[in-house]
Amino acid sequence: MALNSINPTKTEAWRTLENHYKDTQQFNLRKLFQENNQRQKQLTIQFDDFKVDFSKNLISQETIGNLLSLADAVDLKEAIEKYFSGDMINVTEKRSVLHTALRSNSEDPILVDGKDIKPQIKTTLRKIKTFSGKVISGKWRGYSDKQITDIVNIGIGGSDFGPRMVIESLKYYKNKLKTHFISNIDGDHVYEVLKNINPETTIFVIVSKTFTTQETITNANTIRDWFLNSATVFDIAKHFVAVSTNTKAVINFGIDKKNIFPIWDWVGGRFSLWSAVGITVSLALGFDKFKELLDGAEKMDIHYRTAPFEENIPVVLSLLSIWYNNFLNCESEAIFSYTHYLKYLPEYLQQAFMESNGKEVDRNGEKVDYQTGTIVWGSVGTNMQHSFMQLLHQGTKIIPSDFIGFEKPLHGDEEHHKKLMANFYGQIEALAFGKTIEEAHLDLKMAGHIDAMARLLPYKVFSGNKPSTSLIIKKLTPKNLGMLISMYEHKVFTQGVLWNIYSFDQYGVELGKELAKKMLIN
Ligand code: F6P
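Residues numbered from 1 in each chain as written. Predicted model: local features only at pLDDT ≥ 70, side-chain atom pairs only at ≥ 80, totals over all residues. Heavy atoms only, no water.

Asks: What exactly am I supposed to notice about the overall build of the chain here?
Replies: Counting its secondary structure elements, the chain contains 21 helices and 13 strands. Whereas a compact globule of 522 residues would reach a radius of gyration of roughly 24 Å, the chain reaches 25 Å, a difference of no more than 12%. Principal-axis analysis of the C-alpha atoms places the extent of the chain at approximately 80 × 55 × 55 Å. Every one of the 522 residues in the chain was classed for burial, and the buried ones make up 54%. In the chain, the proportion of contacts linking residues at least 24 apart, taken out of those at least 6 apart, comes to 76%. By element, 52% of the accessible surface of the chain is carried by carbon and sulfur atoms, the whole surface being about 23100 Å². Taken together, the 61 basic and 60 acidic charged side chains of the chain have centroids lying 5 Å from each other. (Helix = DSSP H or I, 4+ residues; strand = E, 2+ residues; numbered from the N terminus. Rg over C-alpha atoms; globule rule 2.2 N^0.38 Å. Buried < 20%, exposed > 50% of the residue type's maximum accessible area, 1.4 Å probe, protein only. Contact = heavy atoms within 4.5 Å. Areas by Shrake-Rupley, 256 points an atom, 1.4 Å probe, with all protein chains shown as cover. Lys, Arg positive; Asp, Glu negative; His and termini not counted. Charge placed at Lys NZ, Arg CZ, Asp CG, Glu CD.)

Below you can see the structure in the form of structure tokens.
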């Protein structure tokens with residue numbers, strides 16, 4: 001069954017939130033903390049290795065209560081069940097949305113068109129395991145009988161961002177195989193990669209759900225021609241594999257049937273990392289780590305499906321997002337990771353959020369008269385502190401931010417980590433509490449700037465009250481990364497339910513593609 005179609009703005013809960021916003025525009029974080037010394041404790045959710053502190057948001061308990069009523073008013077609980085059970089919730093494309101099934105360890109069947117999809121998922125996982133095991137161990141040989149040293153992932157969008165982000169995030173756990181990613185149709189991107197690899201020792205993984213994407217097919221053709229400069233068509237089977245739903249097109253391209261890893265219609269491109277699209281991850285980290293990633297994602301799935309909404313991390317994060325987007329008129333949200341390993345996370349999440357929820361038509365086919373998808377962006381701390389953070393601290397915009405930090409560094413250098421995390425907490429404090437005119441005055445006085453006092457004082461004030469949520473995770477492990485990605489995936493879904501839009505199609509990317517084709521002909 002499809003999701004219910006409820007215009008959120010027509011609910012009683014929405015009106016209550018509007019009134020609540022009018023009454024409480026003057027949220028003052030300093031005051032809220034002074035008035036309630038239990039605020040941080042009360043507004044923190046602890047789950048597994050995650051501690052999510054949302055106390056520095058512009059909310060009160062009443063705001064949360066009102067937002068929770070909105071979740072009920074749009075039948076969120078029922079929507080979540082439909083999502084996990086394989087109901088056809090991607091109505092425009094007539095598909096189920098079942099990336100969660102890819103990481104499910106439960107024996108319960110999940111039916112699509114009356115057929116349990118679990119067996120095919122298991123078979124594919126076994127195939128990924130066998131293949132990556134052979135390549136990593138050196139059993140799989142190239143055409144000149146040499147061991148494989150390099151893997152090139154050729155794909156774009158969801159067929160690139162996920163594996164690339166995960167491998168970068170978990171490179172601490174990586175084996176000796178070198179991984180490369182080719183996505184852009186820009187030939188220079190292709191040749192820069194080719195100049196560093198040897199065809200005799202490289203496997204090319206062509207990842208394209210449709211196997212029609214212009215970028216991927218053009219790049220794959222160029223690479224096959226380059227490969228055939230030194231090898232023969234009979235060697236393709238040892239060096240080219242594909243991940244696709246379009247078996248016919250893959251075979252026509254010349255790839256051996258045995259080397260095709262299937263994905264299915266019910267896996268959306270931007271949620272496909274958990275399928276065979278993650279094969280490069282399994283090659284780079286080993287299958288066991290890939291499986292740990294899936295298991296972590298499942299942990300968050302179970303939390304999302306079963307935890308009461310007030311203790312449910314993805315639900316609370318989504319409700320906050322609606323609060324900022326629709327009531328405080330914030331246009332964007334930022335994600336700041338205090339680990340260099342997560343440098344590709346914002347770009348990955350941009351596709352997840354913006355391709356999913358950048359919609360202006362609701363589930364009734366009506367144009368919406370309220371704001372939907374937020375602009376998502378971000379970077380890593382501390383680099384970003386020396387870049388755009390000035391605007392967050394003293395600019396005129398409110399940009400709610402997620403700060404992601406880890407209790408332990410991977411290489412064990414506590415000295416660096418102490419400084420890194422001091423910056424993490426320093427930024428959050430500065431954003432939330434700012435610096436008053438009295439404090440700025442005192443600082444200038446202490447620094448001996450009495451003469452310049454009047455001139456400098458206004459510029460030294462930080463108004464504060466800038467919202468942020470902090471996520472402290474024990475350690476960056478495959479399991480915890482899986483949980484983190486899954487948490488944001490569920491935030492995408494929840495937002496879509498709340499905004500009454502279809503999150504799982506992406507017709508908005510089509511027009512540009514069509515016009516590019518026309519330009520080529522003219
Ligand atoms: O950008 C549109 C899109 O369809 C994405 O949703 C998808 O991840 C990407 O293109 C790649 O598609 P494919 O895997 O079919 O090549």
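Okay, back to it.
Asks: What am I meant to see in the site of the ligand here?
Replies: Not every one of the 15 residues close to the ligand is listed here, only the nearest: Gly 158, Ser 208, Thr 210, Thr 213 and Glu 355. A distance of 3.2 Å separates an oxygen atom of the ligand from a polar atom in the side chain of Gln 351. When the ligand is considered free in solution it has 390 Å² of accessible area, and contact with the protein chains removes 87% of it. The cavity that encloses the ligand is the largest pocket. Partitioning the shell around the ligand into residue classes produces two nonpolar, nine polar and four charged. Composition of the shell around the ligand by domain shows at least three residues from each of domain 1 (8–91 + 307–433 + 467–509) and domain 2 (111–290). (Near = heavy atom within 4 Å. Polar contact = N/O pair within 3.5 Å; in protein donor to acceptor, adjacent residues only side chain to side chain. 1 Å grid on protein atoms, 1.4 Å probe; cavity = no way out; pocket = protein on both sides within 12 Å on 5 of 7 lines; lining within 4 Å. Sits in = over half its atoms within 2 Å of the grid points. Nonpolar A, V, L, I, M, F, W, Y, C, P; charged D, E, K, R; others polar. Domains from an automatic or database assignment.)

Asks: Honestly, the pattern of salt bridges in this entry has me stumped. Any pointers?
Replies: When the charged atoms of two side chains lie near each other, side chains of opposite charge can form a pair. Across all of its chains, the model carries 32 salt bridges by this definition. Residues Arg 30 and Glu 439 are paired through a salt bridge, measuring 2.9 Å at the closest nitrogen-oxygen approach. Of the two residues, Arg 30 is situated in helix H2 (residues 29–35) and Glu 439 in helix H18 (residues 437–446); the sequence distance between them amounts to 409 residues. Owing to a relative accessible area of 25%, Arg 30 belongs among the partly exposed residues under this scheme. Taking relative accessible area as the criterion, Glu 439 reaches 32% and is therefore assigned partly exposed. For Lys 195, the salt bridge identified is with Glu 192, shortest N-O distance 2.6 Å. When its relative accessible area of 57% is taken as the criterion, Lys 195 is described as exposed. Residue Glu 192 is classed as partly exposed on the basis of its relative accessible area, which comes to 44%. (Salt bridge = Lys/Arg side-chain N within 4 Å of Asp/Glu carboxyl O.)

Asks: Sorry if this is basic, but what is going on with empty space enclosed by the protein here?
Replies: To find leftover empty space, a probe the size of one water molecule is rolled over the atoms. Evaluated as defined, the whole model comprises six cavities of 30 Å³ or more. Empty space within the largest cavity amounts to approximately 120 Å³. When residues of the lining of the largest cavity are traced back to their parent elements, those giving at least two are helix H14 (313–327), strand E10 (332–337) and strand E12 (401–406). Grouping the amino acids of the lining of the largest cavity by side-chain chemistry returns six nonpolar, four polar and three charged. (Points joined across faces, edges and corners; volume = space filled by probe spheres on them.)

Asks: Hey, could you run me through the pairing of strand E2 (residues 50–53) in this one?
Replies: Residues in a regular strand project their side chains so that they alternate between the two faces of the sheet. Examined bridge by bridge, strand E1 (residues 44–47) and E2 share four bridges and lie antiparallel to one another. When the sheet's bridge partners are listed, Gln 46 is paired in E2 with Lys 51. In textbook terms, the turn of a hairpin is the stretch between consecutive antiparallel strands, and for E1 and E2 this stretch comprises two residues, one of which, Asp 48, has a positive phi near 50 degrees. Taken together, the four bridges between E2 and strand E13 (residues 468–473) define a ladder with antiparallel strand orientation. Residue pairing for E13: Lys 51 is matched across the bridge by Ile 472. (Pairing = 2+ DSSP bridges.)

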